[in-house]
Amino acid sequence: MSGKKYFFLILILGTLTALAPFSIDMYLPGFTAIAKDLHTNTASISLTLTGFFLGFCFGQLLYGPLLDRFGRKPPLYVGLTLYIIASVACAFTHSINHLIVFRCLQALGSCAASVTAMALVRDLFPVEDSAKIFALLILVLGASPLIAPTIGGYVTAAFGWHYVFVILTTIAVVLLLASIFFLPDVYQPNKELSLKPVPIIKGFWAVFTEPQFYTYSFTCSIAFAGLFVYVSGSPLIFMNLFGLSPKVYGWVFGFLSIGFIGSSQLNNLLVRKFKSEEIVRVALIAFSIVGTCFFLLSWFKRIDLSLTILFLFLSLACIGITAPNASALCLAPFAQNAGTAASLMGAIQMGIGAAVSAFVSLFNVPSTVPVSCAIAASAILASIVLFIGKRSIVRPVEKENEVMAGMH
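Residues numbered from 1 in each chain as written. Predicted model: local features only at pLDDT ≥ 70, side-chain atom pairs only at ≥ 80, totals over all residues. Heavy atoms only, no water.

Novice: Sorry if this is basic, but what is going on with the pattern of salt bridges here?
Specialist: Side-chain pairing between opposite charges can occur once the charged atoms of the two side chains come close. Applying the stated criterion across every chain, the model contains one salt bridge. Taking the shortest distance from any N to any O, the salt bridge between Arg72 and Asp68 comes out at 3.0 Å. (Salt bridge = Lys/Arg side-chain N within 4 Å of Asp/Glu carboxyl O.)

Right, here's the structure in full:
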């Protein structure tokens with residue numbers, strides 16, 4: 001594969017992966033404006049995030065078997081088409097309840113892009129390169145929190161929040177065309193795979209009961225919940241507590257994303273010298289220390305804007321190192337049913353994220369305590385899950401030859 005083709009492939013896969021977070025980040029600066037237009041409060045608008053996470057969670061379970069049964073591209077086309085329709089509906093809605101429903105449908109569409117990208121990584125690249133590829137995807141993914149809130153802040157200020165969804169619609173149309181004409185599909189559909197409920201449930205159960213899968217999927221998902229906490233709680237903290245304008249909030253959000261992006265790229269260097277298992281363990285220890293300090297300073301009211309930014313930056317950095325390695329280890333044992341494995345991993349991740357974001361939305365108070373508490377809890381709980389789960393993994397799979405050996 002030529003360098004140019006490789007770059008273009010990573011760009012498409014990364015943008016597909018980034019569609020969902022871009023859909024989340026871009027409208028965050030408009031929370032106050034949306035709440036005013038729809039005659040509600042910011043906490044209620046946070047429920048549109050919860051609706052998105054729930055839709056994404058259930059969509060993962062839907063698309064996984066479809067990707068394995070019909071191939072990668074047909075379900076992707078359906079998902080992107082649904083996303084386009086739902087985004088247009090979001091742009092023209094005048095009801096908070098309708099917005100929650102349309103956001104849920106938007107998530108159902110966008111998760112097809114995410115699951116397909118994850119499965120294609122497993123299809124197109126050797127297992128030993130997975131962590132590096134996931135880190136490259138996170139580099140593209142990281143453009144979302146760098147660009148989306150800033151654009152969203154300016155668009156909301158200049159034209160109104162409705163136009164944020166017009167832009168998202170345009171992005172999805174471009175992605176659909178790029179997927180049709182440029183995205184390769186080397187996976188041979190499994191025509192024998194049944195789409196009846198019982199076989200599908202058995203397929204998910206077979207994946208879920210693999211010790212390496214459930215250990216690293218829950219470790220990754222619980223740690224990643226810290227990111228959902230940050231996304232859900234940051235508008236309240238920065239705009240309500242510290243009084244930042246939507247534009248300034250967009251810039252702060254973008255700056256904090258550097259921690260997530262930079263650490264994920266640092267991971268490319270780390271995987272050359274250390275095993276993914278070791279990297280995950282050390283990153284979670286650091287994450288637990290950072291989260292605990294953040295919570296204690298918040299609880300004793302020793303926190304200000306600069307310290308809040310610092311601890312959020314460090315937290316995101318720890319998540320950025322944990323996520324690609326845990327994801328690679330989670331999917332490594334699966335060659336024939338990577339779509340099912342990727343969708344189940346995403347469902348667990350989004351399910352936990354939806355619960356955490358709903359929890360944060362309950363605390364409509366100008367304080368960093370709820371967010372810092374949830375971040376510290378996610379770090380410590382992820383460490384505990386990893387410690388307990390690793391006892392059930394007899395032989396960790398990290399390389400392609402190990403996977404092939406296990407198939408014979």
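Novice: Which parts of the structure should I look at to understand the side chain of Thr116?
Specialist: Within the fold, Thr116 resides in helix α5 (residues 96-124). One polar contact links the side chain of Thr116 to the main-chain carbonyl oxygen of Ala112, over a distance of 2.6 Å. If sequence neighbours within four positions are ignored, Thr116 has contacts with Leu67, Arg72 and Leu76. (Helix = DSSP H or I, 4+ residues; strand = E, 2+ residues; numbered from the N terminus. Polar contact = N/O pair within 3.5 Å; in protein donor to acceptor, adjacent residues only side chain to side chain. Contact = heavy atoms within 4.5 Å.)

Novice: Explain the environment of Ala332 here, please?
Specialist: Residue position: Ala332 is located in the loop between α13 (305-331) and α14 (338-361). Its relative accessible area of 2% is what places Ala332 among the buried residues. Taking the C-alpha atoms as reference points, Ala332 and Ser315, 17 residues apart in sequence, are found 26 Å from one another. (Buried < 20%, exposed > 50% of the residue type's maximum accessible area, 1.4 Å probe, protein only.)

Novice: Any chance you could explain the packing of aromatic side chains here in plain terms?
Specialist: What characterises a pair of aromatic rings is the spacing of the ring centres plus the angle enclosed by the ring planes. Counted by the stated rule, this structure contains 18 aromatic pairs. Taking 4.6 Å as the distance between ring centres and 75 degrees as the angle between the ring planes, the aromatic pair formed by Phe53 and Phe228 counts as edge-to-face. A residue pair is termed long-range when its members are at least 10 positions apart, and Phe53 in helix α3 (residues 42-70) and Phe228 in helix α10 (residues 211-241) qualify at 175 residues. Through a chain of ring-to-ring contacts, the aromatic side chains of Tyr230, Phe238, Phe242, Tyr249 and Phe253 assemble into a single cluster. Its guanidinium or amino end placed over the ring of Phe70, Arg69 lies 5.0 Å from that ring's centre, counting from NZ or CZ. Above the ring of Tyr27, the side-chain terminus of Arg103 is found at 4.1 Å from the ring centroid. (Phe/Tyr/Trp six-rings, centres within 6.5 Å; stacked < 30°, edge-to-face > 60°. Lys NZ or Arg CZ within 6 Å of the ring centre and 35° of its normal.)

Novice: Help me understand the packing of α10 against helix α11 (residues 246-273) in this model?
Specialist: Packed helices, taken two at a time, are described by the angle their axes make and the gap between the axes. Closest axis-to-axis distance for the α10/α11 pair is 10 Å, and the angle between their directions is 155 degrees. If you check the angle between α10 and α11, you find them roughly antiparallel. As α10 packs across α11, the resulting crossing turns out to be right-handed. Every residue of α11 that contacts α10 at Phe224, Leu227, Tyr230, Val231, Ser234, Pro235, Phe238 and Met239 is listed here: Pro246, Tyr249, Val252, Phe253, Leu256 and Phe260. Tallied by class, residues from the contact of α10 with α11 come to 13 nonpolar, one polar and no charged. (Axes fitted to C-alpha atoms, helices over the stretch in contact; angles between N-to-C directions. Parallel < 35°, antiparallel > 145°, perpendicular 65-115°, else oblique. Left-handed = near helix turned anticlockwise from the far one by under 90°. Nonpolar A, V, L, I, M, F, W, Y, C, P; charged D, E, K, R; others polar.)

Novice: What am I meant to see in the packing of α11 against α13 here?
Specialist: Between α11 and α13, whose axes approach to 7 Å, the crossing angle comes to 35 degrees. As α11 packs across α13, the resulting crossing turns out to be right-handed. Contacts between α11 and α13 involve Val252, Phe255, Leu256, Ile258, Gly259, Phe260, Ser263, Ser264, Leu266, Asn267, Leu270 and Val271 from the former and Ile309, Leu312, Phe313, Leu316, Ala317, Ile319, Gly320, Ile321, Pro324 and Asn325 from the latter. Each residue belonging to the contact of α11 with α13 can be placed in one class, and the counts come to 16 nonpolar, six polar and no charged.

Novice: Would you mind going over α11 with me for this structure?
Specialist: Side chains three or four residues apart in an α-helix point the same way, a direct result of the helix having 3.6 residues per turn. The first and last C-alpha atoms of α11 sit 42 Å apart over 28 residues, in line with the 40 Å expected at 1.5 Å per residue. Of all the bends found along α11, the most pronounced is centred on Asn267 and spans about 25 degrees. (Expected span 1.5 Å × (residues − 1). Bend = angle between axes of the 7 residues up to and from the residue.)

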